[in-house]
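Examining the three-dimensional arrangement
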Amino acid sequence: MTDRVGPAQEEKGRCRVCGGAVHEFLDLGRNPLSDNFLTAENLGDEFFFRLSVGFCESCTMVQLGEVPPRERMFHDDYPYYSSGSSVMRKHFEQTAREFLETEATGDDPFIVEIGCNDGVLLKTVHDAGVRHLGFEPSGKVAEVARGKGVRVTGDFFEEATAVAVRAADGPADVIFAANTICHIPYMGSILKGVDALLGPGGVFVFEDPYLGEIVSKTSFDQIYDEHCFLFSAHSVAEMARRHGFALVDVRRLEVHGGEIRYTLARAGEREPTADVAALLAEEDERGLTDPATLKGFAAKVVEIKDTLVTLLRRLKDEGRTVVAYGATAKSATVTNFCGIGPDLVSFVCDTTPAKQDRLSPGAHIPVRPASAFSDPYPDYALLFAWNHAEEIMAKEQDFRRSGGRWILYVPKVRVV
Ligand code: SAH
Ligand code: TYD
Ligand code: ZN
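All of the points below concern the structure found in this document. (Residues numbered from 1 in each chain as written. Chains lettered and ligands numbered in written order. Predicted model: local features only at pLDDT ≥ 70, side-chain atom pairs only at ≥ 80, totals over all residues. Heavy atoms only, no water.)

Description of the site of ligand 1
- Surveying the vicinity of ligand 1 reveals 21 residues, the closest of which are Ser82, Glu136, Ser138, Phe157 and Asn179.
- For ligand 1, a nitrogen atom lies 3.0 Å from a polar atom in the side chain of Tyr186.
- Here ligand 1 loses 98% of its free accessible area of 580 Å² to cover by the protein chains.
- A class-by-class count of the residues in the shell around ligand 1 yields 12 nonpolar, seven polar and two charged. (Near = heavy atom within 4 Å. Polar contact = N/O pair within 3.5 Å; in protein donor to acceptor, adjacent residues only side chain to side chain. Areas by Shrake-Rupley, 256 points an atom, 1.4 Å probe, with all protein chains shown as cover. Nonpolar A, V, L, I, M, F, W, Y, C, P; charged D, E, K, R; others polar.)

Some thoughts on the pairing of strand β2 (residues 48-56)
- Of all nine residues making up β2, seven are buried, and the element is well covered by its neighbours.
- Pairing of strand β1 (residues 22-32) with β2 involves eight bridges; the strand directions are antiparallel. Residue pairing in the sheet places Asn31 in a bridge with Phe49 of β2.
- Pairing analysis gives three bridges linking β2 to strand β3 (residues 62-64), with the strands arranged antiparallel. Among the inter-strand pairings, Phe55 is bridged to a residue of β3, identified as Val62.
- Counted along the chain from β2 to the antiparallel partner β3, the turn is five residues long, and its residue Thr60 has a positive phi close to 75°. (Buried < 20%, exposed > 50% of the residue type's maximum accessible area, 1.4 Å probe, protein only. Helix = DSSP H or I, 4+ residues; strand = E, 2+ residues; numbered from the N terminus. Pairing = 2+ DSSP bridges.)

What about the pattern of salt bridges?
- Going through the model one piece at a time under the given rule, you end up with 21 salt bridges.
- The salt bridge partner of Lys140 is Asp77, with a shortest N-O separation of 2.6 Å. Note that Lys140 is positioned in helix α4 (residues 139-147) and Asp77 in the loop between α1 (70-73) and α2 (86-102), a separation of 63 residues in sequence.
- Classification of Asp77 by relative accessible area gives partly exposed; the value is 43%.
- With its nearest N and O atoms 2.9 Å apart, the salt bridge here joins Arg241 to Glu238. (Salt bridge = Lys/Arg side-chain N within 4 Å of Asp/Glu carboxyl O.)

Examining empty space enclosed by the protein
- Within this structure, the stated rule accounts for two cavities of 30 Å³ or more.
- Space inside the largest cavity adds up to approximately 60 Å³.
- Around the largest cavity, the lining residues are Phe37, Ala327, Thr328, Ser331, Ala332, Thr335, Val348, Ser360, Pro361, Ile365 and Phe384.
- No other element matches the three residues that helix α11 (residues 330-338) contributes to the lining of the largest cavity.
- For the lining of the largest cavity, the residue count by class is seven nonpolar, four polar and no charged.
- Taken as a whole, the second largest cavity holds about 40 Å³ of empty space.
- Contributing to the lining of the second largest cavity are Leu33, Asp35, Asn36, Arg72, Met73, His75, Tyr78, Pro79, Asp225 and Glu226. (1 Å grid on protein atoms, 1.4 Å probe; cavity = no way out; pocket = protein on both sides within 12 Å on 5 of 7 lines; lining within 4 Å. Points joined across faces, edges and corners; volume = space filled by probe spheres on them.)

Digging into the environment of Glu159
- Relative to the elements of secondary structure, Glu159 occurs in helix α5 (residues 159-169).
- In this structure Glu159 comes out as partly exposed when scored by relative accessible area, which is 33%.
- C-alpha of Glu159 to C-alpha of Val22: the two residues are 137 residues apart in sequence and 25 Å apart in space.
- With residues up to four places along the chain from it excluded, the contact list for Glu159 reads Ser189, Lys192 and Gly193. (Contact = heavy atoms within 4.5 Å.)

Considering the environment of Thr328
- By the element assignment, Thr328 lies in the loop between β12 (322-325) and α11.
- As for Thr328 and Cys116, which are separated by 212 residues in sequence, their C-alpha atoms are 19 Å apart.
- In contact with Thr328, not counting residues within four places along its chain, are Phe384 and Ala385.

Considerations on the coordination of the zinc ion (ligand 3)
- Protein coordination at the zinc ion (ligand 3) comes from Cys15 (SG), Cys18 (SG), Cys56 (SG) and Cys59 (SG), with a distance range of 2.2 to 2.3 Å.
- In this structure, the zinc ion (ligand 3) is coordinated by four donor atoms arranged in tetrahedral fashion, with angles at the metal of 97 to 115°.
- Within one chain, the residues serving as donors to the zinc ion (ligand 3) are arranged as C-x2-C-x37-C-x2-C. (Donors = N, O, S within 2.8 Å, 3.2 Å for Na, K, Ca; no water. Tetrahedral: all angles 85-135°; square planar, octahedral: opposite > 155°, others 65-115°.)

Overview of the site of ligand 2
- As a matter of local geometry, ligand 2 sits amid 20 residues, with Ala329, Lys330, Asp350, Lys355 and Lys395 nearest to it.
- In the model, an oxygen atom of ligand 2 is placed 2.7 Å from a nitrogen or oxygen of the Lys330 side chain.
- Taking Asp350, its side chain carries an N or O atom lying 2.7 Å from an oxygen atom of ligand 2.
- Protein burial of ligand 2: of its 560 Å² of free accessible surface, 95% is covered by the chains.
- Considering every element that reaches the shell around ligand 2, the biggest residue donor is helix α12 (residues 389-395), with three residues.

Some words on helix α6 (residues 187-197)
- Burial analysis of α6 places eight of its 11 residues in the buried class, which makes it a mostly covered element.
- Along α6, the positions that sit buried rather than exposed are Met187, Gly188, Ser189, Ile190, Leu191, Gly193, Val194 and Leu197.

This is the structure we're talking about:
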């Protein structure tokens, strides 16, 4: 089995991790790049692809059928800034502190992050005076990280770039990635890179949306161009094994609608915790990677689409005002799969300057600054950033006081 190092070398219908046959269970149709917010100039020049998801019959990895080329997704204008949520800022600060206390304990420790974005995690490492390097190919977000004193390379992490860092900086104690490993289709190259860069006894730790939560919440909007893999303990353990690593710890995280933090070490170096066996057993018990479970999930997705569109059409017919809250990448799947455009949702408000005064990908819903939300409050707000519901509802209490109602669609369509 040869490793696939880039999307161009993918073989249709074959697993990106093990080469086994992939069976599609959900077709979400023609979709745009989820973070491609449009200006008047590039409106006519959108990239579309067929968004579908399947499972590998041999290693169980759940994955997209097609993935757009990486340079189209991650470039100078990539508009996702990790520090936009106070909950996420706190989450990553705590994560950094934990690494500093538990792993970076030797003489001159070295922490590497893949996809460090605006430096939300590495800033704490920098402030502690610990040697570090972030890989971040998206130019403007990387520049923000550098402004915080974080050391960043603009390279994509892959085998060759990891080998170069090992030669220049020596071995890493921790290689960390949040919401990034599931974005990378060329997994063979990633794990070879980790093997080249990680020192003896080191750990590769990554956290990503958990298939178990996506299925139990029917959060189909976690499926979009950048989310090439939907990991489970089963698929990650098998992926690790194939590359000389072992899954030695798992931890459930509340962030982003439910994630797992996976810890990999070289095979034989660390004893797996009881949590690993427990999660594997739980996945077996609920039949998480059974084709029937995944087909059941697909059926529920279609139900949500129908219920949501019916609700929005009814509100429109009744003359209610409806806007959306949070121009998330996830919402590209909701709007494009469900056919929700500016006729049903007048605009979406978002705190990110790089998204404002643009049009949402594919659906072309105008994006406005957060201040537009209360000017005046709409009757209904469709919460696209449902994963930040607590944070958003806490700061937008006046909306409900004004008589406004939130529309949620995860885990099912409801008005609150
Ligand atoms: N870790 C942050 C950012 C997640 S967004 C957080 O959890 O909030 C994913 C980031 O990964 C983007 O900033 C993107 O530019 C970066 N990325 C994508 N492919 C990469 C690769 N091969 N190597 C390093 N970074 C990559
Ligand atoms: P997020 O759900 O973190 O990720 P993704 O784009 O991968 O789906 O995106 C949250 C978006 O919502 C981001 O554009 C910032 C915006 N946002 C607000 O506008 N207000 C807020 O209070 C918060 C927390 C986020
Ligand atoms: Zn496979």
